[in-house]
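Listed below are the residues making up each chain.
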Amino acid sequence: MEFLPYTIKWLEVILRWGHVLFAILWVGNSFLFNYLDNNLNKNITSDDIDGEGYLMHSGFFYKLSRLKTSPPQDYLNRLVIFKWQSYLTFVTGMLLLVVIYYYNAGVLMVDKRVLLIPPSYAIIISLLSLIISWFVYDLLCKSKLIENNVLFISTGIILLAIVSFGLTKLFGPKFAILSVGLIIGSNMFGNVFTVIIPNQMNIISSSERGEKFDMSLSLAAKQRSIHNNYSTFLVLFIMLSGHSSFLVYHQYNWLILCAIAVISGVARHYFNLRGRNIHRLYILISSIIALIVLAVLVLLFK
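Definitions and cut-offs
- Residues numbered from 1 in each chain as written.
- Predicted model: local features only at pLDDT ≥ 70, side-chain atom pairs only at ≥ 80, totals over all residues.
- Heavy atoms only, no water.
- 1 Å grid on protein atoms, 1.4 Å probe; cavity = no way out; pocket = protein on both sides within 12 Å on 5 of 7 lines; lining within 4 Å.
- Points joined across faces, edges and corners; volume = space filled by probe spheres on them.
- Helix = DSSP H or I, 4+ residues; strand = E, 2+ residues; numbered from the N terminus.
- Nonpolar A, V, L, I, M, F, W, Y, C, P; charged D, E, K, R; others polar.
- Contact = heavy atoms within 4.5 Å.
- Core = buried A, V, L, I, M, F, W, Y, C linked by side-chain atoms within 4.5 Å.
- Buried < 20%, exposed > 50% of the residue type's maximum accessible area, 1.4 Å probe, protein only.
- Disulfide = S-S within 2.5 Å.
- Axes fitted to C-alpha atoms, helices over the stretch in contact; angles between N-to-C directions.
- Parallel < 35°, antiparallel > 145°, perpendicular 65-115°, else oblique.
- Left-handed = near helix turned anticlockwise from the far one by under 90°.
- Salt bridge = Lys/Arg side-chain N within 4 Å of Asp/Glu carboxyl O.

Peer 1: Which residues make up empty space enclosed by the protein, and what are the values?
Peer 2: Scanning the model with the defined rule gives 1 cavity of 30 Å³ or more in all. In this structure, the largest cavity spans a volume of roughly 50 Å³. Forming the walls of the largest cavity are I177, F237, L247, V248, N253, I256, L257 and I260. Mapped by element, the contributors of at least two residues to the lining of the largest cavity are α9 (245–248) and α10 (253–275). Ranked by the residues each element gives to the lining of the largest cavity, the list is headed by α10, at 4 residues. Along the lines of polarity and charge, the residues of the lining of the largest cavity split into 7 nonpolar, 1 polar and no charged.

In structure tokens, the structure reads:
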């Protein structure tokens, strides 16, 4: 076996392992903190504490408090900031994209039955889709549209359908579906890198100077974190979609993907509500029924 192909194979193995590991850590943190926020007791009259709760793990009780003000100065230097999980998930994902798909673009990206283009063009289109999608999403988040959940979600679903359909007309089915996951995952990383972490660092800087921090920074960071939370189920599905060829290579694969996006979002909403002790079992049941209906339709229109 030649040295370069052998090295690339090992690099692929290590990157796949790292990508899955860091994704687990990132998703775990996202689910945990959103769950904790939803479960905190907010009926507290305090100038310092916004909510509190108790946990148990490994035989110990833990007290959790969400503060309105900054912690003591000596704790600011020991803050645990969850960012590297996101950063490393993105970095390993992009390296995998280069090592596997861009390196073999002529085979894994270009499909002459769909559109015969030079591999270099396919790579450029792929990169542009990531960049443009981020700017569009970020612009929507900073617009007045964000104030209306129904309009914002509807716009997101419409854009998802347009992008998904468009990509299936540019790339082979497998890479087209994967590209949707790349776009959403990149947007999730963008939320962390350009909004969540910078806002957190600004809050820490204000706290170190003894100034009252801007609560709007916290709310903006939390909003992007919630977007990531609702996107997670779909991204995980797309990460594993290579094992579901009957969906990926279906003639309506882009439509199936949009349906799964809605179903997974609804299911995620149920669990988020349940975390706030709001039990709406019909939401989960409706998502399960919708998935069954989708499975029947996929079979009928194969």
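Peer 1: I'd like to hear about the environment of G185, residue by residue, with values.
Peer 2: Looking at the element boundaries, G185 is found in helix α7 (residues 173–208). In this structure, the C-alpha to C-alpha distance between G185 and I131, residues 54 residues apart in sequence, is 12 Å. With residues near it in sequence (within four places) discarded, G185 still touches W26 and V235.

Peer 1: Let's hear about the nonpolar core: which residues, and what values?
Peer 2: The biggest cluster of nonpolar side chains holds 46 residues, and the ones touching the most others in it are M109, F175 and L234. Broken down by element, this core gets its largest block of residues, 12 residues, from α7. Beyond its immediate chain neighbours, meaning those up to four positions away, M109 contacts Y101, Y102, N104, A122, I123, S126, F171, G172 and F175. In terms of nonpolar packing, the next biggest core, distinct from the first, is built from 6 residues, W134, L140, I146 and F152 among them.

Peer 1: Provide a residue-level description of the layout of surface pockets, including the pertinent values.
Peer 2: There is about 2,000 Å³ of room inside the largest pocket. Around the largest pocket sit 47 residues that line it, and F33, D37, R66, V80 and Q200 are the ones nearest its centre. Contributions of two or more residues to the lining of the largest pocket are made by α1 (3–39), β1 (49–57), β2 (60–67), α2 (73–76), α3 (84–102), α7 and α8 (215–239). Partitioning the lining of the largest pocket into residue classes produces 26 nonpolar, 13 polar and 8 charged. Considered as a void within the structure, the second largest pocket measures approximately 1,600 Å³ in volume. Taken together, 50 residues make up the lining of the second largest pocket; nearest its centre are Y137, F152, G156, H227 and S231. Secondary-structure elements contributing two or more residues to the lining of the second largest pocket are α1, α5 (119–141), α6 (149–168), α7, α8 and α10. In terms of residue class, the lining of the second largest pocket is built from 27 nonpolar, 17 polar and 6 charged.

Peer 1: Which residues make up the state of the cysteines, and what are the values?
Peer 2: Going through the model one piece at a time under the given rule, you end up with 0 disulfides. There is no disulfide at C141, and the cysteine sulfur nearest it, in C258, is 18 Å away.

Peer 1: Which residues make up the packing of α3 against α7, and what values do they have?
Peer 2: The N-to-C vectors of α3 and α7 enclose an angle of 150°; their axes lie 10 Å apart at closest approach. Judged on the interaxial angle alone, α7 and α3 are roughly antiparallel. At the point where α3 passes α7, the crossing takes the left-handed sense. Taking contact as the criterion, the partners of S86, Y87, F90, L97, Y101 and Y102 in α3 are, on α7, K174, F175, L178, L182, S186, F189, V192, F193 and I197. The residue inventory of the contact of α3 with α7, partitioned by class, reads 12 nonpolar, 2 polar and 1 charged.

Peer 1: Give me the pattern of salt bridges: which residues, what numbers.
Peer 2: Counted by the stated rule, this structure contains 8 salt bridges. Its salt-bridge partner being K142, residue D138 comes within 3.0 Å of it at the nearest N-O pair. Look at D138 and you get buried, because its relative accessible area is 10%. A residue is classified by how much of its surface remains accessible, and K142, at 63% relative accessible area, is exposed. The partner of K144 in a salt bridge is E147, and the shortest N-O contact between them spans 3.8 Å. No difference in accessibility class separates K144 from E147, as the two residues are exposed. Taken together, the salt bridges that share partners define one network made up of D37, D50, R66 and K222.

Peer 1: Hey, could you go over unusual backbone geometry for me, with residue numbers and the actual values?
Peer 2: Despite not being glycine, S58 shows a phi value in the positive range, around 55°. In this structure, S58 sits in the loop between β1 and β2. In the Ramachandran plot, N277 falls in the positive-phi region, its phi being about 65° despite a non-glycine side chain. One can find N277 in the loop between α10 and α11 (281–300). When its relative accessible area of 60% is taken as the criterion, N277 is described as exposed.

Peer 1: Residue-level account of the environment of F171, with values.
Peer 2: As for its placement among the helices and strands, F171 is situated in the loop between α6 and α7. Exposure remark for F171: the relative accessible area of 1% places this residue in the buried category. A C-alpha to C-alpha distance of 9.5 Å links F171 and R113, two positions 58 residues apart in sequence. Apart from residues lying up to four places away in sequence, F171 is in contact with M109, V114, A122, I125, S126, A176 and S179.

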